[in-house]
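Observations on the three-dimensional arrangement
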Amino acid sequence: MDLSRTPEEEEFRVRLRTWLATVLPTLPAKPSPDDWPGRRAYDLSWQRMLYDAGYADVHWDASPTIRMIYLEETEKAGAPYVGANFVGLLHAGPTIAAEGTAEQRARWLPPILRGEQVWCQGFSEPDAGSDLASLRTRARRDGDHYVVTGSKIWTSHAEVADWCELLVRTDPAAPRHRGITWLALPMDTEGVTVRPLRTLAGSAEFAEVFLDEVRVPVANRVGEENDGWRVTMVTLSFERGTAFVGEVVACRRVLRALACAARENGRWDDPVLRRRLGRLEAEFRALWRLTQWNVSEAEANGGLPGVGGSVFKLRYSHARQELYDAAAEVLGPDCLDLDRPWVLDRLSSLSYTIAAGTSQIQRGIVAERILGLPRGR
């Protein structure tokens, strides 16, 4: 594993830091968390600034190391996250860049990069969440279109999305991993209904999506018909690969802030709490090194993250929950006050062992694909 940086990579880091220091003070205030049209406009405006400065395509047209440097530096600087368009920038975009035709790349990638379009992810279903291969949304071929019927759930930002990366079953008779197809669905197509879902934290960034005889052009298929599972594995490798780099940096920053808060309110005198914070510091240091290892592996594999991302996702999900449980200890009774720092983060952390593949699914991937254990029956 080579963790050294080339002169070109260090030059990129310095140039990015300088640009961030110049533009971040000029940004307007962030919209209210419940104002999704406002948040969409804010996030896309930031993406346009990145595009104009030459940083827009770092998520799929740059080496994994450059991508890691970018995420690390923007998080350290407190820059806006990809926000409403994280599916387009971190999942759909890289997948189309890797698997799409030249025409598809020319059609879909520039609007994402310029901050003109938002994508959502239509993978999970009410009866096929983490068991993604059990999806039931059907698509039958009708000339130059697929006619799609079914429903999706936990569809991030569907209410403000222009496009959806959609998984459908095109061959019900095929083995369940082999009859799936990856489609790009325009969200304004007739027959698409979006119903927002409200989370435990009170936000509504998820939605149910209902599809009633929705016609999707065959030209919107990425990859071959019934080869969608393989294409999906490319998508998920990005989702579990370098996409969490910024969040590891953020968690380490929160951990330092927790130690400062504990010293100020006297809870630092508790040796059990100090030991817990120290162990978390070691945990996130290890996760950072694992991230660097995954990036090195991706460099060797032509830019695609490997199955090591599942090891990271598994441990990071639990470490994040432990971090915010420690935050509750530091806050004491104030951990019930939703206006206090870290309280809403603690609520959202509960979803991390479910989102992007449950911990049980990640353990299965690690067991079968890394350790070579036999598949369970």
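Report follows, based on the coordinates. As the structure is a prediction and not an experimental result, all values here were calculated from the model.

Some details on the pairing of strand β2 (residues 138-142)
Inspection of the sheet shows β2 paired to strand β3 (residues 145-152) by five bridges, in the antiparallel sense. Across the sheet, residue A139 finds its bridge partner in β3, namely V148. Between β2 and β3, which pair antiparallel in sequence order, lie two residues; one of them, G143, sits at a positive phi of approximately 65 degrees.

So, the environment of D35
Note that D35 resides in the loop between α1 (7-23) and α2 (36-53). For D35, a relative accessible area of 33% corresponds to the partly exposed category. Taking the C-alpha atoms as reference, D35 lies 9.7 Å from A204; in sequence the two are 169 residues apart. Separated by 3.0 Å, the side chain of D35 and the backbone nitrogen of G38 make a polar contact.

Side note on the packing of aromatic side chains
By the definition in use, this model includes seven aromatic pairs. Where W119 meets W163, the ring centres are 5.7 Å apart and the plane angle is 20 degrees; that geometry is what we call stacked. Of the two residues, W119 is situated in strand β1 (residues 119-122) and W163 in strand β4 (residues 163-169); the sequence distance between them amounts to 44 residues. By relative accessible area, which is 10% here, W163 ends up buried. Taken together, a centroid distance of 5.9 Å and an interplanar angle of 85 degrees make the contact between W154 and F206 edge-to-face. Remark: F206 occurs in strand β7 (residues 206-217) and W154 occurs in the loop between β3 and β4; sequence separation between them is 52 residues. These aromatic residues form a ring-pair network of at least three members: F12, W19, W46 and Y55.

Cut-offs and rules
- For every chain, the first residue of its written sequence is number 1, and the numbers climb from 1 along that sequence.
- Note on the predicted model: pLDDT of at least 70 is required for a residue's local features to be given, and 80 or more for side-chain atom pairs to be given and counted; whole-chain, interface and lining totals, by contrast, use all residues.
- Hydrogens and water molecules were not included; the side-chain quantities draw on all heavy atoms of the structure.
- Strands are treated as partners if at least two bridges between them are detected by DSSP.
- Secondary structure elements are defined from DSSP: runs of H or I of at least 4 residues count as helices, runs of E of at least 2 residues count as strands, and each element is numbered from the N terminus.
- A simple rule labels every residue: compare its accessible area, found with a 1.4 Å probe on the protein chains alone, to the largest value its type can have, and call it buried under 20%, exposed over 50%, or partly exposed in between.
- Polar contact criterion, stated in full: a pair of N or O atoms within 3.5 Å, where within protein one must be able to donate a hydrogen and the other to accept it, and residues adjacent in sequence count only if both atoms are side-chain atoms.
- Note on aromatic contacts: the rings of Phe and Tyr and the six-membered ring of Trp form a pair at centre separations within 6.5 Å, being stacked when their planes are under 30 degrees apart, edge-to-face when over 60 apart, and tilted otherwise.

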